[in-house]
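Okay, here's what each chain looks like letter by letter:
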Amino acid sequence: MDLVLAVLFQLVYVIANLALISLGLAIIFGMMRVINLAHGEFLMVGGYTVVVATNAGVNIWIAMLILAPLVVGVMGVIVERLLIRWLYGRMVDTLLATWGLSLLLIGLVTSIFGASTATTISPPLGTIRIGEYSASGYELFLIGVTIVLFIAVYMVLKLTKLGLVARGTMQNAEMSSALGVSTSRIYMITFGLGAAVTGLAGGLLAPVTGVLPTIGATYIAKAFITVISGGASILAGTATGSVLLGGINGVFSFLAGPTLGEVALLVAAIVLLRLMPRGITGRFFRKSL
């Protein structure tokens, strides 16, 4: 029984981890159609924000839940105003521009913090026991935060005027502009929201993974694979893609090791996109958000 609980817990944690790192990209790429190759570096900056803040004496919860999304969100707004706003509708150009931004951020962080040593901070929660089974309290917290974050993003996009206007603008910017909407402002806010969610994810994962300048490379491929496999629906696609690919990754990692788990995730994504070129929500959950 303890083994079953351990496997189930790790499986759910892998799924939640994948969903967490993919949600910000789902907003920026899935919703705005901006290929952000600096997504991994946004996560990395969120992690370093937590490290720097905690070393300066800031409470770790404030650093993770407030400072990390705030810093990366502001950075996202600046990037959108200075770079991305000129490239909407030009996906290849955004790819090249954000790739250059990725290299710039890696270089800046490397020059400040060094290149080789991963900076680590201790997870703030200890071990939780359920009968004879013990689990990481912080990993359980991350699972809960991922669920709450998906619900919060759903409520903002579905139930608020800002979410309605943002979704309408992304679908038909010309019509939104004709109705008096400041599309430039909506693009800026949406990109900033996606960046803030990404920064929050990076900050929350910092105690688990550690942080170094090139850690974004471990995130970005998984995030893109998950969002693309999920299809057009932002939240439903990311959630279902995370469950399917994260579940396969978790099972194969348990049976054959993490390396084969990553290979299995990639193979599953290739097969999925071959069978469903429009992703999971291209065939199922078509009217979902």
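These numbers come from a predicted model, not from an experiment.

*Asks:* How should unusual backbone geometry be read in this particular structure?
*Replies:* Keep in mind that most residues, glycine aside, have a negative phi and that most peptide bonds are trans. Even without a glycine there, the phi angle at Arg 33 is positive, about 60 degrees. Among the secondary structure elements, Arg 33 is positioned in the loop between helix 1 (2-31) and helix 2 (39-55). Accessibility expressed as a relative area gives 43% for Arg 33, which makes it partly exposed.

*Asks:* Help me understand the layout of surface pockets in this model?
*Replies:* The computed volume of the largest pocket comes to approximately 570 Å³. For the largest pocket, the lining is made up of 25 residues, of which Tyr 13, Val 14, Asn 17, Lys 222 and Asn 249 are closest to its centre. Secondary-structure elements contributing two or more residues to the lining of the largest pocket are helix 1, helix 8 (183-209), helix 9 (216-230), helix 10 (234-256) and helix 11 (258-275). With 9 residues, helix 1 is the largest single contributor of residues to the lining of the largest pocket. Partitioned by chemical class, the residues of the lining of the largest pocket number 14 nonpolar, 8 polar and 3 charged. Every element with two or more residues in the lining of the second largest pocket is listed here: helix 1, helix 6 (161-171) and helix 12 (280-283). At 3 residues, helix 6 tops the list of elements feeding residues into the lining of the second largest pocket. Here the residues of the lining of the second largest pocket are counted per class, giving 5 nonpolar, 6 polar and 4 charged.

*Asks:* Would you mind going over the UniProt feature "transmembrane region" (unreviewed entry) in the protein chain with me for this structure?
*Replies:* The residues that UniProt annotates with the feature "transmembrane region" (unreviewed entry) are residues 6-29, 36-54, 60-84, 96-118, 138-157, 178-198, 228-248 and 254-276. The distance from the first to the last C-alpha atom of residues 60-84 is 32 Å, and the span holds 92% helix and 0% strand. From the first C-alpha to the last, residues 178-198 spans 32 Å; its make-up is 81% helix and 0% strand.

*Asks:* Sorry if this is basic, but what is going on with empty space enclosed by the protein here?
*Replies:* A water-sized probe, rolled over the atoms, reveals where empty space remains. With the rule as written, the count across this model stands at 2 cavities of 30 Å³ or more. There is about 60 Å³ of room inside the largest cavity. Secondary structure elements with two or more residues in the lining of the largest cavity: helix 5 (137-159), helix 6 and helix 8. Of the volumes computed, that of the second largest cavity is approximately 40 Å³. Leu 43, Met 44, Gly 47, Gly 202, Ala 206, Thr 209, Gly 210, Val 211, Ile 215 and Tyr 219 together form the lining of the second largest cavity. Counting only elements with at least two residues in the lining of the second largest cavity, the list comes to helix 2 and helix 8. A breakdown of the residues in the lining of the second largest cavity according to their chemical character gives 6 nonpolar, 4 polar and no charged.

Reading guide: rules and limits
- Residues numbered from 1 in each chain as written.
- Predicted model: local features only at pLDDT ≥ 70, side-chain atom pairs only at ≥ 80, totals over all residues.
- Heavy atoms only, no water.
- Helix = DSSP H or I, 4+ residues; strand = E, 2+ residues; numbered from the N terminus.
- Buried < 20%, exposed > 50% of the residue type's maximum accessible area, 1.4 Å probe, protein only.
- 1 Å grid on protein atoms, 1.4 Å probe; cavity = no way out; pocket = protein on both sides within 12 Å on 5 of 7 lines; lining within 4 Å.
- Points joined across faces, edges and corners; volume = space filled by probe spheres on them.
- Nonpolar A, V, L, I, M, F, W, Y, C, P; charged D, E, K, R; others polar.
- UniProt positions renumbered as here; feature names shortened; annotations may be inferred.

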